[in-house]
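Tertiary structure, described
One letter stands for each residue in the lines below.
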Amino acid sequence: MKWLQAYPKEIKIFLVASLISSAGGSLMWPLITMFVFKVLGRSGADAGLVILVMSLGGIAGQILGGSLYHKLGVKRLIVGGVGMNALFLLLLPLGSGNWSLFMLLMGLIGFFNAMSMPAIQAFIGFRFAERRGELFNVIYVANNIGVALGTGLSGFLARISYDMSFIMNGVTSAAFAIFFWFYLNKVQKNEGDLQMEKKRKSTSEGQNAWKLLSRYNVYLFMGIGSFFLWLGNCIWNNGVSPFTLSKGMPEWNYSILWTLNGVLIFVGQPFILWIKRTFAESAEAQLTASAIFYMLGYVAILGFRSYPGMVFAMVLTTFGEMLISPAIPSFISDRTGKSAPFYLGVVGGMGAAGRVVGPYAMGVLFDWNGLVPVAWLAVVISMLAVGAFLIHAYKNRDAKGKLYRTV
């Protein structure tokens, strides 16, 4: 890959580690519902409950992980979070015979997996400050390549053993924890300025949660917009998926949509770079443009209600995903300084809440009257997301290039 040649060796190693970790993480998630339904013999409602518990754990993990960044230190938080996630993944096969234990393990997996996310994003922002906007995008692409590899491998592993998928995920998570252990030790020895483990006493890093939350301009409307977008994006699993089955389409018709998503994230980068140079140079503009792409995609689903329309919608919403995913950590890292981990956790938690509410809301609507009310909900809340991001841009119009005070 020629684009990798522009980065130093340290970043290349980090990208490879992220790719392997995301590949391992994606091994099990496509199989959870099937595992609960087919292997454990539970109902579809029970499968949904597992996802709900895991998502709630993820919300708590995002918020707590961001809050504890400066108190625990980057090494303890990242290595500890990823390592504990690996441990519970490896224990998951042992809990498959006990429903309560299985649910507990899934909640802990969701919690510890999410707990390390704000810390990793914040560390990247601190470590590579000069190129962090660019690097967030490159890591996003690398992670999605890993997701594509992992989901493709998951079906093969499931034919052999579901437990093998869980174990492979645990092994890759453990390898990622080990990587960070050695990597962060090396950073500590070479660059004391990046020793985030030190419990600094300055007021800007004191992590007084109420004072940080009072700076609502930097996170509130961004978080609300993220909540709406991730809620609306549940249309794919809780609207499009049952719609294709109800129309007698084979399962691969639905899976090909996500294959398209993965391919576009890689090959569509030149188009996204053109949009950023031409229409959306700032992170705030990228957030608004993202919501508009999502809205247009949902309009396509509502208007066409056919498989070609869903393919077109996937193209549009993927462009929206490609804009928002790097923009949020880039904006927060640029504007909040040492308090970035806290705000990354809060915004991440608000977005994850959309994934909790969305499946149930859209499932009820689909049971009531099929795809149409689900698509209408997605269109309306994506319009609300556009509004939230416009307010966010307005509130931050005078803060270009400035750090928010966090006292």
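Only a predicted model underlies this, so the values are computations on that prediction, with no experimental measurement involved.

Another aspect to go through is the overall build of the chain. In terms of regular secondary structure, the chain is built from 18 helices and zero strands. Expressed as a percentage of its 407 residues, the buried residues of the chain come to 54%. Of the contacts formed within the chain by residues at least 6 apart in sequence, a portion of 83% connects residues at least 24 apart. Carbon together with sulfur atoms contributes 67% to the accessible area of the chain, which is approximately 18000 Å² in total.

Between helix H5 (residues 74-95) and helix H7 (residues 117-127), the least distance of the axes is 9 Å, while the angle of their chain directions is 135 degrees. One element, H5, and the other, H7, form an angle in the oblique class. Read as a crossing pair, H5 and H7 show a hand that is left-handed. Where H5 abuts H7, its residues Val74, Leu77 and Ile78 lie against Ala119, Ile120 and Phe123. In terms of residue class, the contact of H5 with H7 is built from six nonpolar, no polar and no charged.

Another point: the environment of Gly80. The residue Gly80 is located in helix H5 in this model. By relative accessible area, which is 28% here, Gly80 ends up partly exposed. For the pair Gly80 and Met115, spaced 35 residues apart in the sequence, the C-alpha separation amounts to 9.3 Å.

Residues Leu153, Phe156, Ile160, Met164 and Met168 make up a contiguous nonpolar surface patch of about 450 Å² in total accessible area. Breaking the nonpolar patch down by element, the ones donating at least two residues are helix H8 (132-160) and helix H9 (162-190). Take Phe156: it is sitting in helix H8.

As a further point, take the side chain of Ser330. Inspection of the secondary structure puts Ser330 in helix H16 (residues 307-336). Of the residues examined, Ser330 reaches a relative accessible area of 12% and is grouped as buried. Residues within four places of Ser330 in sequence aside, it is in contact with Gly133 and Phe136.

In this section: the nonpolar core. Counting residues in hydrophobic clusters, the biggest one holds 100 residues, and the most contacted among them are Phe180, Tyr183, Ile235, Trp236, Ile301 and Ile332. Once you skip the residues sitting within four places of it in the chain, Ile332 turns out to touch Met222, Gly337, Ala340, Tyr343, Leu344 and Val347.

Okay, the environment of Asn113 next. By secondary structure assignment, the location of Asn113 is in helix H6 (residues 99-115). Sequence separation between Asn113 and Gln62 is 51 residues, and the spatial gap between their C-alpha atoms is 8.8 Å.

Let us look at the side chain of Ser382. With respect to the secondary-structure elements, Ser382 resides in helix H18 (residues 371-395). Here Ser382 falls in the buried class, since its relative accessible area comes to 0%. Residues in contact with Ser382, not counting those within four places in the same chain, are Ala291, Met295 and Tyr298.

With that settled, consider the packing of aromatic side chains. Enumeration according to the criterion identifies 19 aromatic pairs in this entry. Relative to Tyr183, the ring of Phe123 lies with its centre 6.0 Å away and its plane at 85 degrees, an arrangement referred to as edge-to-face. Of this pair, Phe123 sits in helix H7 while Tyr183 sits in helix H9, and the two are 60 residues apart along the sequence. Like Tyr183, Phe123 is buried. For the pair Phe342 and Tyr343, a centre-to-centre distance of 5.5 Å together with 85 degrees between the ring planes defines the contact as edge-to-face.

Our next topic: unusual backbone geometry. Located in the positive-phi region is Arg305, a residue other than glycine, with phi close to 50 degrees. Structurally, Arg305 is set in the loop between helix H15 (283-304) and H16.

Counting buried residues in H7 gives nine out of 11 residues, a clear majority hidden from the surface. Regarding H7, the residues found buried are Pro118, Ala119, Ile120, Ala122, Phe123, Ile124, Gly125, Phe126 and Arg127.

Here we take up the environment of Ile272. You can see Ile272 is positioned in helix H14 (residues 269-278). On the basis of relative accessibility, which here comes to 1%, the residue Ile272 falls in the buried class. In contact with Ile272, other than residues within four places in its own chain, are Phe319, Met322 and Leu323.

Note: predicted coordinates in regions of low pLDDT should not be interpreted at a detailed level. Averaged over all residues, the pLDDT of the chain equals 83, while 86% of them reach at least 70. Every residue in residues 193-206 scores below 50 in pLDDT, and together they form 27 contacts with partners more than four places removed in sequence or on other chains.

Reading the values: the criteria
- All chains use their own residue numbering, which begins from 1 and follows the written sequence.
- Residue-level local features of this predicted model are given only where pLDDT is at least 70; pairs of side-chain atoms are given and counted only at 80 or more, and the full residue set underlies all totals for whole chains, interfaces and linings.
- As a rule here, side-chain values cover all heavy atoms of the structure and leave hydrogens and water aside.
- In DSSP terms, a helix is any run of H or I states spanning at least four residues, a strand is any run of E spanning at least two, and both are numbered starting from the N terminus.
- Residue burial is assigned from relative accessible area. The probe radius is 1.4 Å, only protein chains are included, and a residue is buried under 20% of its type maximum, exposed over 50%, and partly exposed in between.
- It only takes one pair of heavy atoms within 4.5 Å for two residues to be counted as in contact.
- Computed by Shrake-Rupley with a 1.4 Å probe, the accessible areas treat only the displayed protein chains as cover when residues are assessed.
- Every angle, taken between N-to-C directions, lies between 0 and 180 degrees, and every axis is a line fitted to C-alpha atoms, over only the stretch in contact when it is a helix.
- Angles are sorted into four bins: roughly parallel if under 35 degrees, roughly antiparallel if over 145, roughly perpendicular if 65 to 115, and oblique for all others.
- We call a crossing left-handed when the near helix sits turned anticlockwise from the far one by less than a right angle, and right-handed when that turn is clockwise.
- Asp, Glu, Lys and Arg are counted as charged, while Ala, Val, Leu, Ile, Met, Phe, Trp, Tyr, Cys and Pro are counted as nonpolar; the rest, among them Gly, fall into the polar class.
- Each patch is assembled from residues with relative accessible area greater than 30% and no salt bridge, linking like charges that lie within 9 Å and nonpolar side chains (Val, Leu, Ile, Met, Phe, Trp, Tyr) that lie within 5 Å.
- By salt bridge we mean one thing: a side-chain nitrogen of Lys or Arg within 4 Å of a carboxyl oxygen of Asp or Glu.
- We define a nonpolar core as any set of buried Ala, Val, Leu, Ile, Met, Phe, Trp, Tyr and Cys residues linked to one another through side-chain atoms lying within 4.5 Å.
- Ring geometry is summarised as follows: Phe, Tyr and Trp rings, the Trp one being its six-membered ring, pair when their centres sit within 6.5 Å, and such pairs are stacked at plane angles under 30 degrees, edge-to-face over 60 and tilted between the two.
- A residue's pLDDT is the confidence the predictor assigns to it, expressed on a 0 to 100 scale.

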